[in-house]
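# Fold and geometry: a report
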Amino acid sequence: MKTNTLATMVFTGCLAGLPMAAQASYCGDGNTLTFAGIGWESGDFITKVMETIFAKGYDCKTDTITGNSITLENAVATNDVQIFAEEWIGRSDIWNKAESEGKVQAIGDTFAGASEGWFVPTYVVKGDEARGIKPVAPDLKSVDQLKDPAIIALFSDPEEPSKGRFLNCPSGWTCEGVSTAKLEGYGLGDSYTNFRPGTGTALDAAISSAYKQGQPILFYYWSPTAIMGKYALTQLEEPAYSDACWANLTDPAAKHEAACAFPSVKVAYGVNSEFAKAAPEIIEVLSKATFPLDQVNASLAYMVDNEVDAAKAAEVFLKEKADIWGAWVSPEAKDKISASLN
């Protein structure tokens, strides 16, 4: 009798446990899903999209913690933050150390095809018939051609007309030092003024002003950004990246006798490793959630043109692009998210 009673209790307990096991999830267990409050536009936009997806589709309690990249990456390592939505893999010593220690890991591809380099407006090369702009340098393809006196004159510096002007990053940005080294490595230091705007806003303003007037301009830029979403730009070809070349370019004490392209970029969802083990259903979504780069650029341009914040841009994306994000989530979650937007 005791055996039968015990067997009944065990069997009943197993049955009772089945629904609980089936329903168990990171958010269902009452945990809060905390995101890094990334300060730049693309990171803010992507964070808002993913936070909405998990809050509305998976009933997660969500939160964000603001701070600089170093603080937030450390917070992911300690599991005070679970998700850093736009981690540029390999660029941060803090992240690299935490990853080598097994504290954090990269999941999926937040977006693919991100790039940085030297650009000119596409109308410089191809013209713009709608605006009545003829191509002024139809053969311009690579940085090597920037040595041509005719090209130097094309990008003439208004303050020093005998030289061209290269619009660099603001002083203090990592890209400013690299582009300065590239000017030297490409043998352009004596031919171009290395013009550094005071802020990122000033950099954008200079590009926008030249573009609206249809003027030639040579500048450093990167994607994803609003500028890339607003304007047609052509990246100049550079010699292939190599570790040795890059080590030289990033050493401020080195003599730069050659230069090369920026390294390829992998951008992923940076997550805490313990969290990843505890939340496979969330990791599955992150592994699929790749934003098309042109869509990120377009959303950032929408933010600028309409003077709205990332939350509004995320709402518009979720309302209009269910064909994109719907493939990342379960059918049930898709229905819940769509219903919440209406």
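Residues numbered from 1 in each chain as written. Predicted model: local features only at pLDDT ≥ 70, side-chain atom pairs only at ≥ 80, totals over all residues. Heavy atoms only, no water.

This part covers helix H13 (residues 293–306). Helix length check: H13, at 14 residues, gives a terminal C-alpha distance of 20 Å against a target of 20 Å (1.5 Å per residue), a fit within 8%. Among all positions of H13, only Leu 293, Gln 295, Val 296, Asn 297, Ser 299, Leu 300, Ala 301 and Met 303 are buried. If you follow the buried residues of H13, they end up packed against helix H2 (41–57), strand E4 (104–111), helix H9 (226–230), helix H14 (310–320) and helix H15 (322–325). Positive backbone phi, at 55 degrees, marks Glu 307, one or two positions downstream of H13. (Helix = DSSP H or I, 4+ residues; strand = E, 2+ residues; numbered from the N terminus. Expected span 1.5 Å × (residues − 1). Buried < 20%, exposed > 50% of the residue type's maximum accessible area, 1.4 Å probe, protein only. Contact = heavy atoms within 4.5 Å.)

Let's shift gears to the layout of surface pockets. Size it by volume and the largest pocket reaches roughly 1300 Å³. Lining the largest pocket are 38 residues, with Trp 40, Trp 88, Trp 173, Tyr 220 and Trp 222 sitting closest to its centre. Along the lines of polarity and charge, the residues of the lining of the largest pocket split into 18 nonpolar, 11 polar and 9 charged. Space inside the second largest pocket adds up to approximately 270 Å³. Looking at the lining of the second largest pocket element by element, the count peaks at 3 residues for helix H8 (residues 200–213). By residue class, the composition of the lining of the second largest pocket is 10 nonpolar, 3 polar and 1 charged. (1 Å grid on protein atoms, 1.4 Å probe; cavity = no way out; pocket = protein on both sides within 12 Å on 5 of 7 lines; lining within 4 Å. Points joined across faces, edges and corners; volume = space filled by probe spheres on them. Nonpolar A, V, L, I, M, F, W, Y, C, P; charged D, E, K, R; others polar.)

Applying the stated criterion across every chain yields a total of 3 disulfides. Cys 169 shares a disulfide with Cys 175; S-S distance 2.1 Å. Judged by the torsion about the S-S bond (-130 degrees), the Cys 169/Cys 175 disulfide is left-handed. In this structure, Cys 169 and Cys 175 share a single accessibility class: buried. Of note for the protein chain: the bonded cysteines, numbered N- to C-terminal, pair according to 1-2, 3-4, 5-6. (Disulfide = S-S within 2.5 Å.)

Relative to the elements of secondary structure, Ala 210 occurs in helix H8. For Ala 210, a relative accessible area of 6% puts it in the buried group. Separated by 99 residues in the primary sequence, Ala 210 and Asp 309 have C-alpha atoms spaced 26 Å apart. For Ala 210, the residues in contact, after removing those within four places along its chain, are Tyr 123, Gln 215 and Ile 217.

Attention now goes to the packing of aromatic side chains. Under the defined criterion, the tally for this structure stands at 21 aromatic pairs. Between Trp 40 and Phe 84 the ring centres are 6.4 Å apart and the planes differ by 45 degrees, which places this aromatic pair in the tilted class. Here Trp 40, found in the loop between strand E1 (32–37) and H2, pairs with Phe 84, found in strand E3 (residues 83–88); they are 44 residues apart in sequence, far enough to count as distant. Given a relative accessible area of 31%, Trp 40 falls into the partly exposed group. (Phe/Tyr/Trp six-rings, centres within 6.5 Å; stacked < 30°, edge-to-face > 60°.)

Before going further, it helps to examine the pattern of salt bridges. Under the counting rule described, the total for this entry stands at 18 salt bridges. For Lys 103, the salt bridge is made with Glu 101, and the minimal N-O distance between the two is 3.2 Å. Given the relative accessible area of 40%, Lys 103 is considered partly exposed. Judged by relative accessible area, which is 39%, Glu 101 ranks as partly exposed. Where Asp 144 meets Lys 147, a salt bridge forms, and the shortest distance between an N and an O atom there is 3.8 Å. Taking the relative accessible area as the measure of exposure, Asp 144 reaches 52% and is therefore exposed. Each of Lys 97, Glu 101 and Lys 103 takes part in one network of salt bridges that share partners. (Salt bridge = Lys/Arg side-chain N within 4 Å of Asp/Glu carboxyl O.)

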